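What follows is each chain in one-letter form.
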Amino acid sequence: MPAFLELARQDPVNRPIPERVCDFKEISEQLSLYELIGQASRCMDCGIPFCHSFGCPLVNRIPDWNDMLCRGKWKQALRLLHATNNFPEFTGRICPATCEAACTLAVDYGAVTIRRIELELVERGWREGWIKPLLPVATSGFRIGVIGSGPGGLAAAQEMARRGHEVIVFEKSEEPGGILRYGIPDFKLEKWVLDRRLEQLKGEGIIFETGVEAGMDLSGRYLSRSFDAIVIAAGAGIPRDLPLPGRLLPGIHFAMDYLSHQNRLNSGELTRPDSTLSASGKNVVVLGGGDTGSDCVGTARRQGAESIVQIEIMDRPPDHRSSTNPWPSWPNIFRTTTSHEEGCERLWSVQVRNFIGPPTGVEKIDAVKLDWSSKSGNNSSGLREVPDSNFELPADLIIIAAGFTHTESGSLVQEMELELNKDGNIKVDSSFAASRAGVFAAGDCVSGASLVVHAIDQGRRCARAVDNYLTPG
Ligand SMILES: Cc1cc2nc3c(=O)[nH]c(=O)nc-3n(C[C@H](O)[C@H](O)[C@H](O)COP(=O)(O)OP(=O)(O)OC[C@H]3O[C@@H](n4cnc5c(N)ncnc54)[C@H](O)[C@@H]3O)c2cc1C
Ligand code: SF4
């Protein structure tokens, strides 16, 4: 009998809430080897594996590694995983797992726990010492400069170094990693996981120059003269603001400033906390119902917030897929993250109108309920307010987590005269080539704010394109 008929999907257990909110450590426990093999054996090895061909942006060969695990061929499975994914320990922890939504078993039986299997497979590889620097058989003599060390830049750098090119990564922050280090909280991704992989990249000859801002500390002219090709992977760091009355009152911060402050404290990069960026004893309002907002909720809970309210302007998503959102596409449904489970109030269809308080700091917000069932707007934003539904909420710390607009079109982009696309990101062709010869771009600075798995995918494909540019034919 196929295993999925006998074995239910089993998710790893998370640490108890009262325990985990007292620290910033990762929250989920490991599956036992027995449980893991059982979960891998639920894979049906579908004729058309949608998880692999449709669900995973990296086209990870999921049914093949599931089969290898069941046969005890761990090393072979790990090689196959690394053939399509440079950093499975990142995606295994924080990928939304679009593969699982596309798993055939997701229709009726509960998807295979693909992301967890990916994580346990790569973690065993690290424990056993199977993951080592991979050196190229020959060097090419070409030098490549990578701007930005998020997952996109790191994937591009590793792929290019393995093709024998000399790679130098320039990063304006103190340490490499981009949002992996400074945005994503430790309770989702502890930073030793990143440092461990960075050691491999360094062992493969990649040089990291941190605290260096391309376009400021290094001119575009210098970069063009010094390198045979340049890959820009600078992210989409411009946050979307809410320019409402009272916006300049103290106590209102962007999510990345808030999250990176805590991450820097955790790592010891900052030794003195900035009390304006702490939620301790405060009424916290997070504006934005997405994942970044949820990361702020979990961080505020750990900092000892008095109350936490997360506000989203859009309607609450449905509990189940709608008929216009069928399998295997990503289900746009209501989700509760582990941070939500730790305690916060969530409000939907709410628009903030004012930040209120004396010049010393914000004290409350003025908001109104919206009616999304009607298209005709009755307020200045073109949205329909529910009559007499306005209300106030106490708020001494407000975190704006309303997404990101586009990449920083700072001095590098201007000096190199790179064309931008209609969204304000770097315009590239199908080979990731920007509008100036020898300059390529990948990740969020091209596509806008997205996911780690997409940044890795673009970094890998961009590296192939650079290789074809340098060594055509
Ligand atoms: C708070 C938060 C949580 C998230 N959580 C998840 C998650 O759980 N799962 C998921 O899949 N995705 C998540 N994302 C999205 C994901 O992190 C990004 O899509 C991904 O990091 C993009 O990678 P990147 O390499 O393109 O850019 P980034 O990670 O943004 O890295 C860009 C790097 O370039 C550097 N840089 C910029 N300009 C210069 C310059 N001129 N010179 C030198 N360096 C420069 C920046 O300092 C930065 O380090 C999250 C995003 C945020 C903000
Ligand atoms: S990278 Fe993400 S989508 Fe791909 S197999 Fe891993 S968890 Fe699934």
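See the structure shown above.
The written sequence of each chain sets the order in which its residues are numbered from 1. Labels are handed out in written order, letters beginning with A for the chains and numbers beginning with 1 for the ligands. It should be noted that, the model being predicted, local features are given only for residues of pLDDT at least 70 and side-chain atom pairs only at 80 or more, the latter also being counted only at that level, while totals for whole chains, interfaces and linings use all residues. Hydrogens are left out, water is left out, and the side-chain values use all remaining heavy atoms of the structure.

Chemist: Which parts of the structure should I look at to understand the site of ligand 1?
Modeler: Ligand 1 sits among 35 residues. The nearest are Ile94, Gly152, Glu171, Lys188 and Asp444. What qualifies as a polar contact is a pair of N or O atoms within 3.5 Å, subject to a donor-acceptor requirement within protein and to the restriction that residues adjacent in sequence count only when both atoms come from side chains. Note that an oxygen atom of ligand 1 is positioned 2.9 Å from one of the backbone N or O atoms of Gly152. Contributions of two or more residues to the shell around ligand 1 are made by α10 (151-162), β2 (166-171), α14 (255-267), α15 (291-303) and α19 (452-470). Classes in brief: Ala, Val, Leu, Ile, Met, Phe, Trp, Tyr, Cys and Pro nonpolar; Asp, Glu, Lys and Arg charged; the others, Gly included, polar. Within the shell around ligand 1, the residues separate by chemical class into 17 nonpolar, 12 polar and 6 charged. Here, proximity means that at least one heavy atom of the residue falls within 4 Å of the molecule or strand. Numbering of helices and strands runs from the N terminus; a helix is a DSSP stretch of H or I covering at least four residues, while a strand is a stretch of E covering at least two.

Chemist: Help me understand the packing of α14 against α15, please; the structure alone is not making it clear to me.
Modeler: Between two packed helices, both the angle of their axes relative to each other and the distance between the axes serve to describe the pair. Helix axes use the C-alpha atoms of the stretch in contact, all axes being lines fitted to C-alpha atoms, and the angles between their N-to-C directions lie in the range 0 to 180 degrees. For the pair α14 and α15, interaxial distance at closest approach is 10 Å and the crossing angle is 45°. Classified by the interaxial angle, the pair formed by α14 and α15 is oblique. Considering only the axes of α14 and α15, their crossing is left-handed. From α14, Ala255, Tyr258, Leu259 and Gln262 reach across to α15, where they touch Thr292, Asp295, Cys296, Thr299, Ala300 and Gln303. Tallied by class, residues from the contact of α14 with α15 come to 5 nonpolar, 4 polar and 1 charged. When describing relative orientation, an angle under 35 degrees is termed roughly parallel and one over 145 degrees roughly antiparallel, while 65 to 115 degrees is termed roughly perpendicular and anything else oblique. What makes a crossing left-handed is the near helix being turned counterclockwise from the far one by less than a right angle; a clockwise turn instead makes it right-handed. Note on contacts: a residue pair qualifies if any of its non-hydrogen atoms lie within 4.5 Å across the two residues.

Chemist: What am I meant to see in the side chain of Glu26 here?
Modeler: Relative to the helices and strands, Glu26 resides in the loop between α2 (17-20) and α3 (33-41). At 2.9 Å, the side chain of Glu26 forms a polar contact with the side chain of Arg93. Once residues lying within four places of it in the same chain are set aside, the contact partners of Glu26 are Arg15, Arg93, Asp186, Phe187, Lys188, Leu189, Glu190 and Val193.

Chemist: Explain the environment of Arg197 here, please?
Modeler: Relative to the helices and strands, Arg197 resides in helix α12 (residues 191-203). Separated by 112 residues in the primary sequence, Arg197 and Asn85 have C-alpha atoms spaced 13 Å apart. The contacts of Arg197, once residues within four sequence positions are left out, are His82, Asn86, Phe87, Pro88, Glu89, Phe90, Val122, Trp126 and Ile131.

Chemist: I'm lost on the sheet that holds strand β8 (residues 307-311) in this one. Help?
Modeler: Across a sheet, paired strands are connected by hydrogen bonds in the backbone, their directions being either parallel or antiparallel. Any two strands between which DSSP finds at least two bridges are classified as paired. Spatial strand order, β6-β13-β7-β8-β9: 5 strands in an open sheet with parallel pairing. Bordering the open sheet on either side are β6 (252-254) and β9 (345-347), each of which pairs with just one other strand. Strand-to-strand, the axes of this sheet are offset by a mean angle of 20°, without reference to chain direction. Taken together, the 4 bridges between strand β7 (residues 283-287) and strand β13 (residues 397-400) define a ladder with parallel strand orientation. Opposite Val284, over in β13, you have Leu397 as the bridge partner. Across the sheet, α14 is in contact with β6 and β13; its angle to β6 comes to roughly 80°. α15 contacts β7, β8 and β13 of the sheet and is inclined by roughly 175° relative to β8.

Chemist: Looking at this structure, how should I read the sheet that holds strand β3 (residues 207-210)?
Modeler: The parallel open sheet is built from 5 strands, whose spatial order is β3-β2-β1-β4-β15. Of all the strands in the sheet, the pair left with one neighbour each is β3 and β15 (439-441). Taken pair by pair, the neighbouring strands of this sheet meet at an average axis angle of 20°, ignoring direction. Two strands pair when backbone bridges link them, and strand β1 (residues 143-147) and strand β4 (residues 229-232) are joined in this way by 4 bridges, in the parallel orientation. Note on β4: the bridge partner recorded for Ile147 is Ile232.

Geometric values such as these leave the question of function open.
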